[in-house]
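# Chains, contacts and geometry: an overview
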Amino acid sequence: METCLNPAWTGINERTFLAIKPDGYQRRLVGEIIRRFERKGFRLVAMKMMQASEGLLKEHYIALQNRPFYDRLVKYMSSGPVIAMVWQGLHVVKTARVMLGETNPADSSPGTIRGDFCVDVSRNVIHGSDSKESAQREISLWFQPDELVCWQDSAESWVYE
(Lines give C-alpha, C1' and ligand atoms only; values in the text may rest on other atoms or scores of the structure.)
Protein backbone atom coordinates (compact mmCIF):
# COMPACT_ATOMS: atom_id res chain seq x y z
CA MET A 1 0.00 0.00 0.00
CA GLU A 2 1.22 3.43 -0.87
CA THR A 3 1.54 5.82 2.02
CA CYS A 4 0.60 9.46 1.76
CA LEU A 5 2.58 11.02 4.56
CA ASN A 6 6.13 11.69 5.60
CA PRO A 7 7.90 8.30 6.03
CA ALA A 8 9.23 9.54 9.38
CA TRP A 9 5.66 9.47 10.67
CA THR A 10 5.10 5.77 10.00
CA GLY A 11 2.46 5.38 12.70
CA ILE A 12 0.26 8.00 11.06
CA ASN A 13 0.30 5.93 7.86
CA GLU A 14 -1.60 3.05 9.50
CA ARG A 15 -4.82 2.12 7.72
CA THR A 16 -7.95 0.20 8.65
CA PHE A 17 -10.96 -1.13 6.82
CA LEU A 18 -14.47 -0.25 7.96
CA ALA A 19 -17.75 -1.28 6.38
CA ILE A 20 -21.13 0.12 7.29
CA LYS A 21 -23.41 -2.88 7.08
CA PRO A 22 -26.83 -2.98 5.38
CA ASP A 23 -28.64 -2.17 8.65
CA GLY A 24 -26.48 0.92 9.19
CA TYR A 25 -27.16 2.05 5.63
CA GLN A 26 -30.91 1.39 5.86
CA ARG A 27 -31.10 3.25 9.18
CA ARG A 28 -29.40 6.32 7.63
CA LEU A 29 -26.38 6.20 9.96
CA VAL A 30 -23.71 6.66 7.26
CA GLY A 31 -23.20 10.39 7.82
CA GLU A 32 -23.09 10.07 11.60
CA ILE A 33 -20.50 7.30 11.46
CA ILE A 34 -18.28 9.15 8.99
CA ARG A 35 -18.62 12.30 11.10
CA ARG A 36 -17.30 10.50 14.19
CA PHE A 37 -14.14 9.33 12.39
CA GLU A 38 -13.56 12.73 10.79
CA ARG A 39 -13.98 14.52 14.13
CA LYS A 40 -11.52 12.11 15.72
CA GLY A 41 -8.95 13.31 13.19
CA PHE A 42 -8.66 10.29 10.89
CA ARG A 43 -8.27 10.65 7.14
CA LEU A 44 -10.71 8.96 4.75
CA VAL A 45 -8.64 7.61 1.84
CA ALA A 46 -11.23 5.39 0.11
CA MET A 47 -14.97 4.89 0.16
CA LYS A 48 -17.56 3.23 -2.04
CA MET A 49 -21.13 2.11 -1.81
CA MET A 50 -21.67 -1.34 -3.21
CA GLN A 51 -23.80 -4.44 -3.19
CA ALA A 52 -21.19 -6.96 -1.98
CA SER A 53 -21.11 -10.26 -3.82
CA GLU A 54 -21.45 -13.56 -2.00
CA GLY A 55 -17.93 -14.50 -3.16
CA LEU A 56 -16.40 -11.32 -1.72
CA LEU A 57 -18.23 -11.78 1.57
CA LYS A 58 -17.26 -15.44 1.89
CA GLU A 59 -13.62 -14.47 1.40
CA HIS A 60 -13.94 -11.53 3.80
CA TYR A 61 -15.47 -13.69 6.56
CA ILE A 62 -13.40 -16.82 5.83
CA ALA A 63 -12.19 -17.03 9.44
CA LEU A 64 -15.82 -17.52 10.52
CA GLN A 65 -16.71 -20.20 7.95
CA ASN A 66 -17.08 -22.96 10.56
CA ARG A 67 -19.32 -20.91 12.84
CA PRO A 68 -23.06 -21.70 12.89
CA PHE A 69 -24.03 -18.13 11.90
CA TYR A 70 -21.68 -17.91 8.86
CA ASP A 71 -24.28 -18.53 6.13
CA ARG A 72 -26.76 -16.12 7.76
CA LEU A 73 -24.03 -13.49 8.01
CA VAL A 74 -23.09 -13.77 4.33
CA LYS A 75 -26.76 -13.66 3.30
CA TYR A 76 -27.43 -10.62 5.51
CA MET A 77 -24.34 -8.74 4.33
CA SER A 78 -25.38 -9.26 0.70
CA SER A 79 -28.97 -8.14 1.39
CA GLY A 80 -28.39 -4.43 0.82
CA PRO A 81 -25.85 -1.68 0.23
CA VAL A 82 -22.58 -1.67 2.13
CA ILE A 83 -20.36 1.39 2.54
CA ALA A 84 -16.75 0.17 2.34
CA MET A 85 -14.11 2.59 3.64
CA VAL A 86 -10.41 2.90 4.34
CA TRP A 87 -9.34 5.25 7.11
CA GLN A 88 -5.79 6.32 7.92
CA GLY A 89 -4.16 7.70 11.04
CA LEU A 90 -2.12 7.05 14.16
CA HIS A 91 -3.26 3.81 15.86
CA VAL A 92 -6.36 3.84 13.64
CA VAL A 93 -6.97 0.07 13.89
CA LYS A 94 -7.06 0.03 17.69
CA THR A 95 -8.85 3.35 18.04
CA ALA A 96 -11.51 2.42 15.48
CA ARG A 97 -12.24 -0.80 17.38
CA VAL A 98 -12.77 1.23 20.56
CA MET A 99 -15.01 3.68 18.70
CA LEU A 100 -17.11 0.80 17.30
CA GLY A 101 -17.70 -0.86 20.66
CA GLU A 102 -18.02 -4.56 21.33
CA THR A 103 -19.36 -6.93 18.67
CA ASN A 104 -22.33 -7.60 20.94
CA PRO A 105 -24.06 -4.24 21.43
CA ALA A 106 -25.19 -5.31 24.92
CA ASP A 107 -21.51 -5.19 25.94
CA SER A 108 -20.85 -1.83 24.26
CA SER A 109 -20.47 1.37 26.21
CA PRO A 110 -22.60 4.43 25.51
CA GLY A 111 -20.67 6.77 23.24
CA THR A 112 -19.51 3.95 20.97
CA ILE A 113 -21.23 3.40 17.62
CA ARG A 114 -22.70 0.06 18.68
CA GLY A 115 -23.47 1.32 22.18
CA ASP A 116 -25.43 4.23 20.74
CA PHE A 117 -27.17 2.60 17.76
CA CYS A 118 -27.41 -1.18 18.18
CA VAL A 119 -29.45 -3.69 20.15
CA ASP A 120 -29.01 -7.04 18.34
CA VAL A 121 -25.60 -8.66 17.71
CA SER A 122 -26.81 -9.75 14.26
CA ARG A 123 -27.53 -6.12 13.36
CA ASN A 124 -24.49 -4.33 14.75
CA VAL A 125 -24.22 -1.63 12.04
CA ILE A 126 -20.50 -1.72 11.24
CA HIS A 127 -17.48 -3.94 10.66
CA GLY A 128 -13.94 -2.90 11.57
CA SER A 129 -10.62 -4.68 11.09
CA ASP A 130 -9.37 -6.29 14.29
CA SER A 131 -5.62 -6.05 13.56
CA LYS A 132 -3.15 -4.39 11.21
CA GLU A 133 -2.79 -7.68 9.35
CA SER A 134 -6.54 -8.15 8.85
CA ALA A 135 -6.82 -4.49 7.81
CA GLN A 136 -4.28 -5.03 5.04
CA ARG A 137 -6.04 -8.22 3.90
CA GLU A 138 -9.50 -6.64 3.98
CA ILE A 139 -8.40 -3.45 2.21
CA SER A 140 -6.88 -5.50 -0.60
CA LEU A 141 -10.11 -7.55 -0.90
CA TRP A 142 -12.42 -4.55 -1.17
CA PHE A 143 -10.23 -1.97 -2.95
CA GLN A 144 -7.78 -1.83 -5.83
CA PRO A 145 -4.57 0.12 -5.03
CA ASP A 146 -5.57 2.94 -7.40
CA GLU A 147 -8.81 3.45 -5.44
CA LEU A 148 -6.86 4.66 -2.37
CA VAL A 149 -6.57 8.43 -2.66
CA CYS A 150 -3.54 10.14 -1.20
CA TRP A 151 -4.18 13.71 -0.13
CA GLN A 152 -2.63 16.19 2.26
CA ASP A 153 -4.82 17.00 5.24
CA SER A 154 -4.49 20.69 6.07
CA ALA A 155 -5.69 20.03 9.64
CA GLU A 156 -2.98 17.45 10.28
CA SER A 157 -0.75 19.81 12.28
CA TRP A 158 -3.69 20.36 14.63
CA VAL A 159 -4.15 16.62 15.18
CA TYR A 160 -0.53 15.37 15.33
CA GLU A 161 2.45 16.86 17.10
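Everything below is about the structure shown above.
This section reports on the structure supplied with the text. (Residues numbered from 1 in each chain as written. Predicted model: local features only at pLDDT ≥ 70, side-chain atom pairs only at ≥ 80, totals over all residues. Heavy atoms only, no water.)

## Structural notes on the overall build of the protein chain
Secondary structure summary: the protein chain contains eight helices and four strands in total. Listing each helix as α and each strand as β along the protein chain from the N terminus yields β-α-α-β-α-α-β-α-α-β-α-α. The C-alpha atoms of the protein chain give 15 Å as radius of gyration, which agrees with the globular expectation for 161 residues (15 Å, within 12%). Viewed in the frame of its principal axes, the protein chain has a C-alpha envelope of about 45 × 35 × 25 Å. A burial count over the protein chain gives 47% of its 161 residues as buried. Here the contacts in the protein chain between residues at least 6 apart in sequence split such that 77% fall between residues at least 24 apart. Of the roughly 8,900 Å² of accessible surface on the protein chain, 51% is carried by carbon and sulfur atoms. Computed over 20 positive and 20 negative side-chain charges, the separation of the two mean positions in the protein chain equals 5 Å. (Helix = DSSP H or I, 4+ residues; strand = E, 2+ residues; numbered from the N terminus. Rg over C-alpha atoms; globule rule 2.2 N^0.38 Å. Buried < 20%, exposed > 50% of the residue type's maximum accessible area, 1.4 Å probe, protein only. Contact = heavy atoms within 4.5 Å. Areas by Shrake-Rupley, 256 points an atom, 1.4 Å probe, with all protein chains shown as cover. Lys, Arg positive; Asp, Glu negative; His and termini not counted. Charge placed at Lys NZ, Arg CZ, Asp CG, Glu CD.)

## Remarks on the environment of L90
Inspection of the secondary structure puts L90 in the loop between strand 3 (82–88) and helix 5 (92–100). Here the alpha-carbon distance between L90 and R15, two residues 75 residues apart in the chain, equals 8.6 Å.

## So, the nonpolar core
Of all hydrophobic cores here, the largest spans 23 residues; its most connected members are I33, F37 and W87. Elements represented by at least two residues in this core include exactly strand 1 (15–20), helix 2 (30–40), strand 3 and helix 5. For this core, the element with the highest residue contribution is helix 5, accounting for five residues. Setting aside residues up to four positions removed in sequence, W87 forms contacts with E14, R15, T16, L18, I34, F37, E38, F42, R43, L44 and V92. Judged by nonpolar contacts, the second largest core, of 20 residues, contains V45, Y61, Y70 and Y76. (Core = buried A, V, L, I, M, F, W, Y, C linked by side-chain atoms within 4.5 Å.)

## As for helix 2
Because the α-helix completes a turn every 3.6 residues, residues three or four places apart line up on one side. Every buried residue belonging to helix 2 is among V30, I33, I34, R36 and F37, and all of these are buried. Down the axis of helix 2, the smallest arc covering the buried residues is 155 degrees, so these residues share one side. Of the residues one or two after helix 2, G41 is the one with positive phi, at around 115 degrees. (Arc of directions from axis to C-beta.)

## Let's talk about empty space enclosed by the protein
Per the stated rule, a full pass over the model turns up one cavity of 30 Å³ or more. In this model, the largest cavity occupies a volume close to 60 Å³. The wall of the largest cavity is formed by eleven residues, among which G41, R43, Q88, E156 and Y160 lie closest to the centre. Considered class by class, the residues forming the lining of the largest cavity number five nonpolar, three polar and three charged. (1 Å grid on protein atoms, 1.4 Å probe; cavity = no way out; pocket = protein on both sides within 12 Å on 5 of 7 lines; lining within 4 Å. Points joined across faces, edges and corners; volume = space filled by probe spheres on them. Nonpolar A, V, L, I, M, F, W, Y, C, P; charged D, E, K, R; others polar.)

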